[in-house]
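Analysis of the macromolecular model
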Amino acid sequence: MATTTNPATPAANPATQTPHFPEQVTGMYILARALKNVGIENVYGLVGIPITEAAYLIQGQGIRFVGFRHEQQAGMAAATEGFLTKKPGVLMTVSSLGFLNGLTATTNATVNCYPMIQISGASDPTMVDMNMGTYEQLDQFNTAKPLVKAAFRCYKAEDIPAAVARAYRAAISGRPGGVYIDMTTPALGQIMNREDAEKLLYQPVDVYSPVAPNEAAVDRAVEMLTSAKRPAILLGKGAAYAQVDDKIKTLIEKYNIPYFPMSMAKGLMPDAGPLSALSCRSTIMKEADVVMLIGARLNWLLSFGRGKWNPDMKFINLDIEPQEMDVNVPTAAPVVGDMGLSLDAILAKMDGRKMSTDPTWVPSLQTETKEKDAKFATRLESTKSLMPMHHWTALGVIKPIIESNPDVILINEGANTLDDTRDAINMSLPRHRVDCATWAIMGMGMGSMIGAAVATGKSVVAIEGDSAFGFSGMDFSTACRFKLPVTVVIFNNGGIYNGIGKPMDETTDPAPTTLDINARYDKLGEAFGAQTYYVQTPDELAKALTESIASKKPCLIDVQLGADSGKESGHIGYLNPAPLQDITV
Ligand code: ADP
Ligand code: MG
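Reading across the sheet, the 6 strands line up as E3-E2-E4-E5-E7-E6 and stay open at both edges, with parallel pairing between neighbours. Edge positions in the open sheet fall to strand E3 (64-67) and strand E6 (150-154), since each of these has one partner strand only. Neighbour-to-neighbour, the strand axes of the sheet open up by a mean angle of 20 degrees, direction not taken into account. Pairing of strand E5 (residues 116-122) with strand E7 (residues 178-184), which is carried by 7 bridges, proceeds in the parallel orientation. Among the inter-strand pairings, Gln118 is bridged to a residue of E7, identified as Tyr180. On top of the sheet, helix H3 (residues 71-85) reaches strand E2 (42-45), strand E4 (89-93) and E5; it is set at about 165 degrees to E4, its chief contact.

Around the magnesium ion (ligand 2), the protein contributes the donor atoms Asp466 (OD), Asn493 (OD1) and Gly495 (O), at 2.0 to 2.1 Å from the metal centre. Donor residues for the magnesium ion (ligand 2), ordered by position in the chain, follow D-x26-N-x1-G. You can see Asp466 sitting in helix H19 (residues 466-472) and its partner Gly495 sitting in the loop between strand E17 (486-492) and helix H21 (521-527), a full 29 residues away along the chain. Of the residues examined, Asp466 reaches a relative accessible area of 3% and is grouped as buried.

Before going further, it helps to spend a moment on helix H4 (residues 97-112). Between the first and last C-alpha of H4 there are 23 Å, a value that for 16 residues agrees with the 22 Å anticipated at 1.5 Å per step. The sharpest bend along H4 measures roughly 25 degrees and falls at Leu103. Of the positions making up H4, those classed as buried are Gly98, Phe99, Gly102, Leu103, Ala105, Thr106, Thr107, Asn108, Ala109, Val111 and Asn112. Residues of H4 that are buried make contact with H3, E4, E5, helix H6 (140-144), E7 and helix H11 (237-241). Two residues or fewer past H4, Cys113 is found with a positive phi of approximately 65 degrees.

Topologically, Ala216 is positioned in helix H10 (residues 215-226). Expressed as a C-alpha distance, the spacing of Ala216 and Val335, which sit 119 residues apart in the sequence, is 9.3 Å.

Close to ligand 1 lie 21 residues, the nearest being Arg175, Lys237, Arg297, Asp319 and Met339. Between ligand 1 and the protein, one listed contact pairs an oxygen atom with a backbone N or O atom of Lys237 at 2.7 Å. Within the contact set of ligand 1, a nitrogen atom lies 3.1 Å away from a backbone nitrogen or oxygen of Ile320. Contact with the protein chains covers 98% of the free accessible surface of ligand 1, which is 580 Å². In terms of residue count, H11 provides more of the shell around ligand 1 than any other element does, 3 residues in total. Looking at side-chain class alone, the shell around ligand 1 contains 8 nonpolar, 6 polar and 7 charged residues. Each of domain 1 (24-200) and domain 2 (215-363) accounts for three or more of the residues forming the shell around ligand 1.

Turning next to the sheet that holds strand E16 (residues 460-465). Strand order in the open sheet formed by 6 strands is E15-E14-E16-E17-E19-E18, and the pairing between neighbours is parallel. At either margin of the open sheet sits one strand with a lone partner, and together these are strand E15 (433-435) and strand E18 (531-535). When strand polarity is set aside, the average angle formed by the axes of neighbouring strands in this sheet is 15 degrees. Direction of pairing for E18 relative to strand E19 (residues 555-560): parallel, over a ladder of 5 bridges. From the neighbouring strand, Gln531 faces E19, where its bridge partner is Cys555. Against the sheet, helix H17 (residues 416-424) touches strand E14 (409-413), E15, E16 and E17, its axis set at about 145 degrees to E14. Helix H22 (residues 538-551) rests against E16, E17, E18 and E19 of the sheet, and its axis sits at about 165 degrees to E18.

Turning our attention to the nonpolar core. By size, the foremost hydrophobic cluster in this structure holds 142 residues, and its most contacted members are Leu235, Leu251, Ile294 and Met449. For this core, the leading source of residues is helix H7 (residues 160-172), giving 8 residues. Not counting the four nearest positions on each side in its chain, Leu251 is found in contact with Leu225, Ile233, Ile257, Met292, Ile294, Leu343, Ile346, Leu347 and Met350.

In this description, an aromatic ring pair is defined by two values, namely the gap between the centres and the angle between the planes. Here the structure, examined in full by the defined rule, presents 6 aromatic pairs. The interplanar angle of 65 degrees and the centroid separation of 5.2 Å between the aromatic rings of Trp309 and Phe315 together place this pair among those described as edge-to-face. Judged on exposure class, the residue Trp309 and its partner Phe315 are both buried.

Domain boundaries assigned for the chain yield domain 1 (24-200), domain 2 (215-363) and domain 3 (383-582). Computed from C-alpha coordinates alone, the two centres of domain 1 and domain 2 are separated by 37 Å. Each side of the interface is counted separately: domain 1 has 14 residues, and domain 2 has 11 residues. Both faces combined, the contact of domain 1 with domain 2 buries some 1100 Å², and carbon together with sulfur accounts for 54% of it. Looking only at domain 1, the three residues that lose the most surface to domain 2 are Phe83, Lys86 and Arg175, adding up to 61% of its buried area. Where domain 1 meets domain 2, there are 1 salt bridge. One salt bridge connects Arg175 with Glu324, and the closest N-O pair in it is separated by 2.7 Å. At the surface where domain 1 touches domain 2, the tally comes to 4 residue pairs in polar contact (both at pLDDT 80 or more). Broken down by secondary-structure element, the contributors of at least two residues to the side of domain 1 that touches domain 2 are H3 and H4. With 4 residues, H3 is the largest single contributor of residues to the side of domain 1 that touches domain 2.

What counts and what doesn't
Residues numbered from 1 in each chain as written. Chains lettered and ligands numbered in written order. Predicted model: local features only at pLDDT ≥ 70, side-chain atom pairs only at ≥ 80, totals over all residues. Heavy atoms only, no water. Pairing = 2+ DSSP bridges. Helix = DSSP H or I, 4+ residues; strand = E, 2+ residues; numbered from the N terminus. Axes fitted to C-alpha atoms, helices over the stretch in contact; angles between N-to-C directions. Contact = heavy atoms within 4.5 Å. Donors = N, O, S within 2.8 Å, 3.2 Å for Na, K, Ca; no water. Buried < 20%, exposed > 50% of the residue type's maximum accessible area, 1.4 Å probe, protein only. Expected span 1.5 Å × (residues − 1). Bend = angle between axes of the 7 residues up to and from the residue. Near = heavy atom within 4 Å. Polar contact = N/O pair within 3.5 Å; in protein donor to acceptor, adjacent residues only side chain to side chain. Areas by Shrake-Rupley, 256 points an atom, 1.4 Å probe, with all protein chains shown as cover. Nonpolar A, V, L, I, M, F, W, Y, C, P; charged D, E, K, R; others polar. Domains from an automatic or database assignment. Core = buried A, V, L, I, M, F, W, Y, C linked by side-chain atoms within 4.5 Å. Phe/Tyr/Trp six-rings, centres within 6.5 Å; stacked < 30°, edge-to-face > 60°. Buried area = accessible area lost by both parts, 1.4 Å probe. Salt bridge = Lys/Arg side-chain N within 4 Å of Asp/Glu carboxyl O.

Written as structure tokens, this is what we have:
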């Protein structure tokens, strides 16, 4: 075999060698086998040098390879599979930009505590480190490291099975997160005798070891909860992720404790249940004396546990992550451990004990809920016949349809579209709502929709602002190629926040916040063979959504809203760095 004349290239450069099949295999084959061994069922990605053949070999193992148009969306799909199944979703990308595009999603997964593994092809690190200007040269391993939970770099094919097994463990153990594997070209292309390769492959044992909380911590938490006068439970997406639905239900119902769900914990207990305090967020913050956090962080989404909160509040915090204790406010009763084991221990200790709840507490929340719900219904009613439609007009139509199809998974992003949909649509099943989560980002829609459909086989409806859809719209074509039972509903108000922004006098360019109120997103769906609708009235929308869900095919509904529907930054305008000038007119 000829060797390369480039003196800096190792003599055994695998790219110059050809395996003799079937006696020999490559690192790519070992990767496919290692993924199969840990139980991976779906890989989301986008092929190119150096991972194309690996993707075929992965398919050859009976693993589904879902090929996307953009790595970021493939990553969002992997992350969503991780959240919904408690098993890491896998993203596979090429090197350099493909890697960076994917890293956005892996970073977002890490922030949101979703388990996923990003595997990116990478140039020969010996050449990258010598700054030789090799193909797609980037030190991907060190770029990823600060943004992910763990990172591994495979120099040799022999390392691949352990890298995959360790990445799997890292992704789901402790606080779940994104893990990166730098799969270098030399490792992917390395040729081995099949017999030697087989010996490397193994089935990792006991990949998730739940950690129990300590007894004193459980005693303290139970003491605090049972002596509370105005207790409440705050459910976060960590509670939904943990799949401990029955234990949470028992704790809430047996001890009559009102609950408030964060957006992705909606449905863990029914939003419209008798103990739901969904409409009483500020009352709970102000008036509860003990709040048990179950898989929720006291971050910006909860005003950091300060300010609007009762200053004498005692927080009980159930979380797998010890460093989540005392964040922003002291934790009165930390319970560090796996959610299932923590709840088991708490329920066992509670058994036979009486709560000290003030008898007026729950009824007062129920009264407040009734009043707020009535107000909300009036609001929906008052926008019912607005033409062109308002967000609320459209949601008044969508609400009963989604609520009567509780097993449909709802994906939701946008500004007003996010806020209003979350507020309008009650969920009644756990893990049926996925949104832009902790960072409140945009650009997760199509990826999450596809990941949810692939991972669960269920029907999915994505309610998207027109701006949000723009980030990932091309990957609607992926849903079409894979014939997934998904419906995209686009609220077109012609802009980011709304479509009435006026440009500064100095320019003839469009305003920074405007998009296209006349855009026909349904035509985009048509290009990929989807069932599409353009709707301008509530009746048209009701018909389109009902038909779409029933069809179990890829559908796209362009909902024409008025350009004045929606306000700047939705509910979080206060986060702007200075009071806004009059930018919308
Ligand atoms: P939300 O945005 O809904 O409030 P967060 O993402 O802020 O939720 O919080 C989720 C929390 O759940 C994280 O602090 C995470 O460590 C925790 N968590 C995730 N999985 C588990 C688990 N299996 N057991 C216990 N805690 C968990
Ligand atoms: Mg918009």
